[in-house]
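Analysis of the macromolecular model
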Amino acid sequence: MEKVFSDKTEEGIRLIWMQFDPEKTAEGVRLLREAADAGDPDALCFLARTYMGERYVWEYAALEINGEKAASLHAQYYYQQLPPQERAAYHGMLSCLRELTPSARKAMPFASLKEARDDVLGKAEAGHPFCQYMIGNTYYFGDCFEIDGIDPQTAFHDPDGLRADTARRALPWLEKALNGGLSDAAKNLYNLFSGSEGFPRDRGRQWEIALRGASAGNPYWEERCGKMCREENGREAEAMRWFRQAAHHGQASSWFHIGSHYERGLGVDKDPVKAAEAYRNGAEKGSSDAQQALGIMAAFGRGVPQDPAQAAYWLRLAADDEKPLACGVLGHCYLRGLGVQQDDGEAFALLDRFAEAYDREKPDDGETSTYPDGLVGIVYNGLGELYADGRGGPVDIKEGIRCFQAAAELGNGDARRNLGRFKRNWFGKWVRK
């Protein structure tokens, strides 16, 4: 990688974006902070990226996510009135262009943006992977039109053709960045071949790109290889190998996929105990999917002893991360007083959150739901009781019947018995028997 930034900023980039070790990442952040404190304008923008979550850094880098700090660092960069000769600042200008506030955009002259693009382009042509990545992204995200002061709506009459044109321009730069060791470039490169980015869907190219990301040691791409294998019949065992590799390299979410393979018998013999062990590994490392799965197993005694208190603990963590099924099962716990103090109001709020998500994601006829029928039936039966009996809110027998019917269709016996408590009167209205 050709040196373009200050020594500390260069090393910070290498430690944060070109390897995947939380301790080294923390060292990279420290170097960026030192460079920023010493007046390096690029360091301010790269440091801001570290606070912006998994779109900008590896999800399991153990970095603080703080939008206010990111915005503050961007503001320091844009409003410190850097002298024109400090051309290093141009890299930061492109790096966080899409994170600008409206006031910052108004304050920034287009001439500076063009100069920034041309300066970074020169460094990209000289072989710097992060500069190649930034130039690729100016095309991928359509920033090229703003930079050149062009209104795409008036310059082009074919949105699909416009997207195909910018995708073609992005492609070589993202390829070069990936070849230079910046595996983050693989994400947008992969998306170009999804079928919605101007190019036809090309699964072969996506597989090639995923392998290149994985070969750079990026656990995200190791996991992606596993997911792609699992989508094809007969490759479940290969998927498991990728998930194990990603988990070993720190991708906590891969423990969830390992557990799922053991729970469902995909490429391995079914083993609920091993499934629970994998889920626990992921849950303890912060994977909300693993927390949800472990909580459900503990709630119903699958793979681990039934433990309502432990179930509620893990389900609460997952529910706080908006995992719908965790909301539903935790709501069931509050409804029945399992591992938590019985609370109709809390039960209603959680069960209703699940129902809203389930209704949005409900599969069409012939498609398979991502939610187990048995658990969905339990959740809808509980919600039906709360509506029909006026617990946690006003009585709404009609809505309660709808929930009971949905649960009964999924084989829930309690829902069938609850339906037996009601009948239609002469006017077709549901009433208690």
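Residues numbered from 1 in each chain as written. Predicted model: local features only at pLDDT ≥ 70, side-chain atom pairs only at ≥ 80, totals over all residues. Heavy atoms only, no water.

1. Digging into the layout of surface pockets
Rolled over the atoms, a probe as big as a water molecule pinpoints where empty space is left. Taken as a whole, the largest pocket holds about 660 Å³ of empty space. For the largest pocket, the lining is made up of 22 residues, of which Phe256, Gln292, Leu325, Thr370 and Pro372 are closest to its centre. Each residue belonging to the lining of the largest pocket can be placed in one class, and the counts come to 10 nonpolar, 5 polar and 7 charged. (1 Å grid on protein atoms, 1.4 Å probe; cavity = no way out; pocket = protein on both sides within 12 Å on 5 of 7 lines; lining within 4 Å. Points joined across faces, edges and corners; volume = space filled by probe spheres on them. Nonpolar A, V, L, I, M, F, W, Y, C, P; charged D, E, K, R; others polar.)

2. A look at the nonpolar core
If you look at soluble globular proteins, the nonpolar side chains tend to sit buried side by side. Trp17, Phe130, Leu192 and Ile258 are the most contacted members of the largest nonpolar core, which has 73 residues in total. Contact partners of phenylalanine 130, with chain neighbours within four places excluded, come to Ile13, Trp17, Phe46, Arg49 and Leu182. Listed in part, the 35 residues of the second largest apolar core include Ala318, Ala319, Leu375 and Val379. (Core = buried A, V, L, I, M, F, W, Y, C linked by side-chain atoms within 4.5 Å. Buried < 20%, exposed > 50% of the residue type's maximum accessible area, 1.4 Å probe, protein only. Contact = heavy atoms within 4.5 Å.)

3. Considerations on the packing of helix α21 (residues 344–361) against helix α22 (residues 373–388)
Axis separation between α21 and α22 bottoms out at 10 Å; the angle between their running directions is 125 degrees. Classified by the interaxial angle, the pair formed by α21 and α22 is oblique. When you trace α21 past α22, the crossing you get is left-handed. Where α21 abuts α22, its residues Asp344, Ala347, Phe348, Leu351, Asp352, Phe354, Ala355, Tyr358 and Asp359 lie against Val376, Val379, Tyr380, Gly382, Leu383, Leu386 and Tyr387. For the contact of α21 with α22, the class distribution of residues is 12 nonpolar, 1 polar and 3 charged. (Axes fitted to C-alpha atoms, helices over the stretch in contact; angles between N-to-C directions. Helix = DSSP H or I, 4+ residues; strand = E, 2+ residues; numbered from the N terminus. Parallel < 35°, antiparallel > 145°, perpendicular 65-115°, else oblique. Left-handed = near helix turned anticlockwise from the far one by under 90°.)

4. Digging into helix α1 (residues 7–17)
For the α-helix, the turn length of 3.6 residues means that residues three or four positions removed from each other point alike. Restricting attention to buried positions, one finds in α1 the residues Thr9, Glu10, Gly12, Ile13, Leu15, Ile16 and Trp17. Buried-residue contacts for α1 involve α2 (22–37), α3 (41–50) and α8 (129–140).

5. Here's the deal with α8
Its 12 residues place the ends of α8 16 Å apart at the C-alpha level, agreeing with the 16 Å of an ideal helix rising 1.5 Å per residue. With 12 of 12 residues buried, α8 lies mostly within the body of the structure. Within the sequence span of α8, burial applies to Pro129, Phe130, Cys131, Gln132, Tyr133, Met134, Ile135, Gly136, Asn137, Thr138, Tyr139 and Tyr140. Positioned one or two residues after α8, glycine 142 has a phi angle of 80 degrees, which is positive. (Expected span 1.5 Å × (residues − 1).)

6. Some details on unusual backbone geometry
Positive phi values are uncommon outside glycine, yet alanine 62 reaches one of about 60 degrees. With respect to the secondary-structure elements, alanine 62 resides in the loop between α3 and α4 (67–78).

7. Considering the environment of serine 288
Assignment of secondary structure puts serine 288 in helix α18 (residues 288–300). Take serine 288: its relative accessible area is 12%, and that puts it in the buried class. Separated by 32 residues in sequence, serine 288 and phenylalanine 256 have C-alpha atoms that sit 8.9 Å apart. Once residues within four sequence positions are removed from consideration, serine 288 is found in contact with Ala318, Asp321 and Lys323.

8. Things to note about the packing of aromatic side chains
Enumeration according to the criterion identifies 19 aromatic pairs in this entry. Seen from their ring centres, tyrosine 220 and tryptophan 221 are 4.9 Å apart, and the 85 degrees between their planes marks the pair as edge-to-face. A relative accessible area of 24% places tyrosine 220 in the partly exposed class. Considering the side-chain rings of tyrosine 358 and tyrosine 380, the 5.8 Å spacing of their centres and the 65 degrees angle between planes classify their relative orientation as edge-to-face. Here tyrosine 358, found in helix α21, pairs with tyrosine 380, found in helix α22; they are 22 residues apart in sequence, far enough to count as distant. Each member of the pair, tyrosine 358 as well as tyrosine 380, carries the same accessibility label: buried. Note that arginine 235 overlies the ring of tryptophan 207, its terminal NZ or CZ placed 4.9 Å from the centroid. (Phe/Tyr/Trp six-rings, centres within 6.5 Å; stacked < 30°, edge-to-face > 60°. Lys NZ or Arg CZ within 6 Å of the ring centre and 35° of its normal.)

9. A short note on the packing of α1 against α3
In the contact formed by α1 and α3, the axes pass within 11 Å of each other and the chain directions differ by 20 degrees. Taken together, the axis directions place α1 and α3 in an arrangement best described as roughly parallel. Here α1 runs over α3; the crossing is left-handed. Contact with α1, carried on its side by Thr9, Ile13, Ile16 and Trp17, involves Ala43, Phe46, Arg49 and Thr50 of α3 and no other residues of that element.

10. A look at the pattern of salt bridges
As enumerated under the stated definition, the model contains 28 salt bridges in all. Lysine 123 is the partner of aspartate 119 in a salt bridge, and the nearest nitrogen-oxygen pair spans 3.8 Å. Placement of the pair is aspartate 119 and lysine 123 together in helix α7 (residues 110–125), with a separation of 4 residues, close to one helical turn. The class for lysine 123 is partly exposed, based on a relative accessible area of 27%. Between arginine 205 and glutamate 175 there is a salt bridge, with its nearest N and O atoms 2.7 Å apart. Separated by 30 residues along the polypeptide, arginine 205 in helix α13 (residues 203–215) and glutamate 175 in helix α11 (residues 159–179) bring together distant segments of the chain. (Salt bridge = Lys/Arg side-chain N within 4 Å of Asp/Glu carboxyl O.)

11. Quick notes on the confidence of the model for the chain
Per-chain confidence: the chain averages 88 in pLDDT, with 87% of residues scoring 70 or above. For the chain, per-element mean pLDDT is lowest for helix α10 (residues 152–155), which scores 55, and highest for helix α17 (residues 272–284), which scores 98. Note that pLDDT drops below 50 for residues 81–88; the model gives that stretch 7 contacts with residues more than four away or on any other chain. (pLDDT = per-residue confidence, 0-100.)

12. A closer look at the side chain of glutamine 291
One can find glutamine 291 in helix α18. Discounting residues that sit within four places of it in the chain, glutamine 291 has contacts with Ala283, Gly286, Trp314, Leu315, Leu317 and Ala318.

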